[in-house]
Amino acid sequence: HEESDDAAIKEAQAKFKERDLMVRREGLDIVVAAAAKHPNFRSKKITTEMMLALADPEASVKSYAADKLGEFGDEAMAVQALDKEAKVAEKKIPVQQPDKEAEVKVFEADLKALDAIYAGLGKTKSPLAAPVFDRGLHHASSWVIEAAARNCKPLKGNKLVIKGLIEQLAKFYSSSVNKGN
């Protein structure tokens, strides 16, 4: 594994330095292909490269990296990196959707990024991701709650996730019921 991983990393690192986002995505594809060759082994080296791609300034590259990190990365490292990204992304999502067109575009991009981060967390299928989903399920913004709920399905047997989902359902139904109904 080591030699093929090292060769893939070296090739990918050159692509990560390019300005063209499609070339940077190709670099990520190379790392992902190396990880896919040995699905029962999660390489820390490969995971580190995927984590570095989370810092890409282009949202589509960053989202792709989050998705693949969750799918192919070392479980503990992936959850830790995605949790860090989720904390930053969650803070960007307002309680109310903005009205101004420029703000709406930023909001939608931020929400899409958060959704990709949660999707990556879900793909880890790790109980280590449960506290991250629980935090999202108890966020002040319904947009964050929805993204967390939509992506926590792979952890559906986790007690913390189940509790968070039930609490949100109870909160929704208690606020939707009118007196006398």
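As a starting point, this report considers the structure included with it. Remember, predicted model here, so these are calculated numbers, not experimental data. (Residues numbered from 1 in each chain as written. Predicted model: local features only at pLDDT ≥ 70, side-chain atom pairs only at ≥ 80, totals over all residues. Heavy atoms only, no water.)

**With respect to the pattern of salt bridges**
Thinking step 1. Summed over all chains, the structure comprises 16 salt bridges.
Thinking step 2. Measuring nitrogen to oxygen at the nearest pair gives 3.9 Å for the salt bridge that ties E101 to K105. Taken together, the residues E101 and K105, both in helix α6 (residues 101-124) and four residues apart, mark about one turn of the helix.
Thinking step 3. Overall, the relative accessible area of 60% leaves E101 in the exposed class.
Thinking step 4. Using a relative accessible area of 54% as the deciding quantity, one classes K105 as exposed.
Thinking step 5. The closest approach of N and O atoms between E167 and K163, which form a salt bridge, is 3.2 Å. (Salt bridge = Lys/Arg side-chain N within 4 Å of Asp/Glu carboxyl O. Helix = DSSP H or I, 4+ residues; strand = E, 2+ residues; numbered from the N terminus. Buried < 20%, exposed > 50% of the residue type's maximum accessible area, 1.4 Å probe, protein only.)

**Concerning the environment of L111**
Thinking step 1. As for its position among the elements, L111 is in helix α6.
Thinking step 2. The sequence separation of L111 and A7 amounts to 104 residues, and the corresponding C-alpha distance is 35 Å.
Thinking step 3. If we ignore the near neighbours within four places in the chain, the residues touching L111 are I93 and W143. (Contact = heavy atoms within 4.5 Å.)

**What to know about unusual backbone geometry**
Thinking step 1. Phi at K125 is positive, roughly 55°, even though this residue is not glycine.
Thinking step 2. Within the secondary structure, K125 sits in the loop between α6 and α7 (130-137).

**Quick notes on the packing of α6 against helix α8 (residues 142-151)**
Thinking step 1. Remark: α6 packs on α8, axes separated minimally by 8 Å, with the N-to-C direction vectors making an angle of 30°. Taken together, the axes of α6 and α8 are roughly parallel relative to one another. The element α6 and its partner α8 pack so that their crossing is right-handed. On the side of α6, the interface is formed by F107, L111, L114, D115, Y118, A119 and G122, while α8 contributes W143, V144, A147, A148, R150 and N151.
Thinking step 2. Within the contact of α6 with α8, the residues separate by chemical class into nine nonpolar, two polar and two charged. (Axes fitted to C-alpha atoms, helices over the stretch in contact; angles between N-to-C directions. Parallel < 35°, antiparallel > 145°, perpendicular 65-115°, else oblique. Left-handed = near helix turned anticlockwise from the far one by under 90°. Nonpolar A, V, L, I, M, F, W, Y, C, P; charged D, E, K, R; others polar.)

**Concerning the side chain of E49**
Thinking step 1. Note on placement: E49 falls in helix α3 (residues 44-53).
Thinking step 2. No salt bridge is formed by the buried E49. Its closest oppositely charged neighbour is K17, at 9.3 Å.
Thinking step 3. Each residue touching E49, except ones within four places of it in the same chain, is listed here: I9, Q13, F16 and V31. (Lys, Arg positive; Asp, Glu negative; His and termini not counted.)

**Examining the packing of helix α2 (residues 21-36) against helix α4 (residues 59-72)**
Thinking step 1. Taken N-terminus to C-terminus, the directions of α2 and α4 make an angle of 5°; their axes are 10 Å apart at the nearest point. Between α2 and α4, the interaxial angle falls into the category roughly parallel. Across the interface between the two elements, L21, R24, R25, L28, D29, V32, A35 and A36 from α2 touch S60, V61, Y64, A65, K68 and F72 from α4.
Thinking step 2. Class assignment of the residues belonging to the contact of α2 with α4 gives a composition of nine nonpolar, one polar and four charged.

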